[in-house]
Each structure stands twice: as C-alpha cells, then as structure tokens.
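Summary of structural features
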Amino acid sequence: MSQNQNTVHKEAYLLLFSTFFMFSTIHVTGKVIAPYVPAALVVGIRCLIALIPLGFMARKYMDVKVEKADWKWFVIIGGLTYFVSPFMIQVAISLTGASMASLLNSMTPVAVTILAIILLGEKLTPPKLLCLVLAIIGATIITKGANTERQFFGVAAAIASVLSSATSSVLMRRLSSKYPAILITFYGTAVSLIFHIPMSIYTIATQPVTINAISVIVLIYLGIVGSGLAQFTWTKSLSLLPAVTCSLFYP
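To keep things clear, this report deals only with the structure shown in the data block. All values derive from a computational prediction rather than experimental measurement. (Residues numbered from 1 in each chain as written. Predicted model: local features only at pLDDT ≥ 70, side-chain atom pairs only at ≥ 80, totals over all residues. Heavy atoms only, no water.)

1. A word on the overall build of the protein
Within the protein one finds ten helices and zero strands. Order of helices (α) and strands (β) in the protein, N terminus to C terminus: α-α-α-α-α-α-α-α-α-α. Relative to the globule expectation of 18 Å for 251 residues, the C-alpha radius of gyration of the protein, 18 Å, shows essentially globular dimensions. Principal axes of the C-alpha set define a box for the protein whose edges measure 55 × 45 × 30 Å. In the protein, which comprises 251 residues, the proportion classed as buried is 50%. Partitioning the intrachain contacts of the protein with sequence separation of at least 6 by distance along the chain shows that 92% fall at a separation of at least 24. Carbon and sulfur atoms form 71% of the exposed surface of the protein, whose accessible area is close to 11900 Å². With 16 positive and 6 negative side-chain charges, the protein shows a spacing of 4 Å between the two charge centroids. (Helix = DSSP H or I, 4+ residues; strand = E, 2+ residues; numbered from the N terminus. Rg over C-alpha atoms; globule rule 2.2 N^0.38 Å. Buried < 20%, exposed > 50% of the residue type's maximum accessible area, 1.4 Å probe, protein only. Contact = heavy atoms within 4.5 Å. Areas by Shrake-Rupley, 256 points an atom, 1.4 Å probe, with all protein chains shown as cover. Lys, Arg positive; Asp, Glu negative; His and termini not counted. Charge placed at Lys NZ, Arg CZ, Asp CG, Glu CD.)

2. A few points about the environment of Ile76
Topologically, Ile76 is positioned in helix 3 (residues 71-96). For the pair formed by Ile76 and Val133, sequence separation is 57 residues and the distance between their alpha carbons is 29 Å.

3. As for the pattern of salt bridges
This structure, assessed with the given rule, holds two salt bridges. Between Lys178 and Glu67 there is a salt bridge, with the nearest N and O atoms lying 3.3 Å from each other. On the criterion of sequence distance, the pair formed by Lys178 in the loop between helix 7 (149-175) and helix 8 (181-206) and Glu67 in the loop between helix 2 (39-58) and helix 3 is long-range, its members being 111 residues apart. Residue class for Glu67 comes out partly exposed when judged on its relative accessible area of 45%. With its nearest N and O atoms 2.6 Å apart, the salt bridge here joins Lys178 to Asp70. (Salt bridge = Lys/Arg side-chain N within 4 Å of Asp/Glu carboxyl O.)

4. Brief notes about helix 8
End to end, helix 8 covers 37 Å across 26 residues, agreeing with the expected 38 Å (1.5 Å per residue, within 8%). At Phe195, helix 8 shows its maximal bend, which comes to roughly 40°, and the proline Pro198 appears one to four places after that position. (Expected span 1.5 Å × (residues − 1). Bend = angle between axes of the 7 residues up to and from the residue.)

5. Describing the packing of helix 8 against helix 9 (residues 213-240)
At a minimum axis separation of 8 Å, helix 8 and helix 9 run at an interaxial angle of 135°. Considered as vectors, helix 8 and helix 9 are oriented oblique to each other. For the crossing formed where helix 8 meets helix 9, the hand is right-handed. The residues of helix 9 that touch helix 8, namely those facing Ala181, Ile182, Ile184 and Thr185, are Gln231, Phe232, Thr235 and Lys236. Residue classes in the contact of helix 8 with helix 9 are distributed as four nonpolar, three polar and one charged. (Axes fitted to C-alpha atoms, helices over the stretch in contact; angles between N-to-C directions. Parallel < 35°, antiparallel > 145°, perpendicular 65-115°, else oblique. Left-handed = near helix turned anticlockwise from the far one by under 90°. Nonpolar A, V, L, I, M, F, W, Y, C, P; charged D, E, K, R; others polar.)

6. Description of the nonpolar core
Counting residues in hydrophobic clusters, the biggest one holds 51 residues, and the most contacted among them are Phe74, Ile77, Met172, Ile184 and Trp234. The contacts of Trp234, once residues within four sequence positions are left out, are Leu16, Thr19, Phe20, Phe23, Ser169, Met172, Cys246 and Ser247. (Core = buried A, V, L, I, M, F, W, Y, C linked by side-chain atoms within 4.5 Å.)

7. Quick notes on a nonpolar patch on the surface
Together, Ile114, Ile117, Ile118, Leu119, Leu124, Leu129, Leu130, Val133, Leu134, Ile137 and Ile141 make up a nonpolar patch on the protein surface, roughly 1000 Å² of accessible area in all. For the nonpolar patch, the secondary structure elements donating two or more residues are helix 5 (108-120) and helix 6 (126-143). Take the nonpolar patch: its biggest share by element is six residues, from helix 6. Turning to its location among the elements, Val133 is positioned in helix 6. (Patch = residues over 30% accessible without salt bridge, like charges linked within 9 Å, V, L, I, M, F, W, Y side chains within 5 Å.)

Structure follows, in structure tokens:
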C-alpha cells in the first residue's frame with residue numbers, strides 16, 4: 001500500500017469512528033425527546049437545522065454542475081436517507097427503546113453488503129463475511145426480546161430504517177465518484193424537505209407537541225450533529241472506502 005493510500009485509509013477510518021459515535025448518540029437523545037415531540041416532527045426539524053452547517057460547508061462547491069440524469073438519484077437519496085430512515089428509527093426508538101433500536105441497526109452491514117455486491121460489484125472477503133455472520137447472530141438474539149405488539153412494530157420500523165439506509169448508502173457510493181461528499185449530503189438533505197414539510201404540518205395539526213428547554217436542546221443537537229455532521233462524515237467515508245467496508249463499522 002502506498003503512503004498516499006495509507007493516509008486516505010487512516011482518514012476514512014477516523015471519519016467512520018466519528019460517524020458511528022455520533023450515530024450512536026442519536027438513539028439516546030431520540031428517546032429523550034420522544035415523549036415531547038412526535039417522530040415525524042423530530043426528523044423534519046432535524047433536517048431543517050442540519051441545512052445550516054451543511055450549507056456553510058457546501059458553499060464553495062455550489063458552482064459544481066449536477067447532470068440532469070443524476071437529479072433522480074439525489075431525490076431518491078433525499079427520500080431514503082434523510083426522510084424514511086431517520087423517521088423509521090425514531091419510531092423504533094419510541095416503541096422499543098434506545099438500546100434495542102440501536103442494536104437492530106447492526107443489520108445494516110448485511111443489507112449494504114448484499115446491495116453493494118449486486119449493484120457495485122464489490123468483493124466479500126472472509127473477514128468481512130465473519131463480521132456479517134456475527135451481526136446476523138446478534139440481531140437474531142436481540143429481536144427475541146421483542147415480546148409485545150408495540151415492540152414488534154418497533155422492530156419492523158428499525159428494519160425499514162436499515163433497508164432504506166443501506167439502499168441509499170450504495171447510491172451515495174456511486175454518486176461520490178462524480179460529486180463532492182458535502183454536496184451530495186447538502187442536496188440530499190434539501191430535497192428531503194419535499195417529504196418533511198407536509199408530514200410535519202400534518203403532525204402538528206393532529207398530535208400534541210411539547211416545546212420546552214429539553215426538546216429545543218435535543219433538536220438542535222440532533223440537527224447539527226445527528227443529521228448534519230454525521231451524515232457528511234458518512235458520505236465522505238463512502239467516497240474513500242468501499243460501501244461494504246464502511247458498513248461493517250455499524251456493529
């Protein structure tokens with residue numbers, strides 16, 4: 001391995017460790033805010049707040065022209081990564097708890113690996129296969145703890161989050177060869193507002209919302225760290241390493 005490749009790998013691994021540390025805090029803070037703000041509104045506000053740091057970081061790349069044919073991928077990524085996935089995981093947190101929802105996300109490498117092999121032609125090495133087997137065993141043990149209808153719905157929501165996140169990760173990997181990671185993250189987040197705005201308006205009109213100091217602080221944290229910095233470092237990691245390798249940091 002050349003010195004340049006070694007430096008790139010070190011940067012990518014540092015980004016991945018940072019990403020999953022930030023991702024892991026989403027489950028705890030999401031559980032804290034669950035009694036005050038409904039899931040759909042939480043992810044909508046997170047997305048809106050995230051655009052502030054993302055827009056600041058992406059400002060010097062705004063002159064990069066996006067090919068017309070690629071906009072559909074930005075729409076799909078925006079819908080899956082920044083709408084469906086965070087909404088489903090917030091629902092899972094509300095129904096099952098932060099620990100189970102977090103641990104169920106360990107199935108993400110399995111879904112990403114299958115899609116990356118099929119769509120990107122990535123290779124599966126023996127160490128990666130071992131990691132996947134352990135992830136499947138762990139997730140199987142965890143789901144045995146779902147002993148109520150409420151928890152079963154929560155598990156289903158977590159699986160939906162995993163599948164949507166895995167699909168969008170593979171698409172991000174493909175786009176990252178053409179566009180800067182921060183631009184993909186910013187455009188994807190902006191596009192997701194198409195889905196967030198009507199859902200948030202409906203939620204405010206039909207469900208109780210409690211705005212207090214705790215909910216405000218948590219929403220700001222989730223927006224800047226959970227939906228802003230973490231999503232950028234994840235996209236950046238995908239631009240440096242294969243999707244399968246990146247996904248294995250989940251467990």
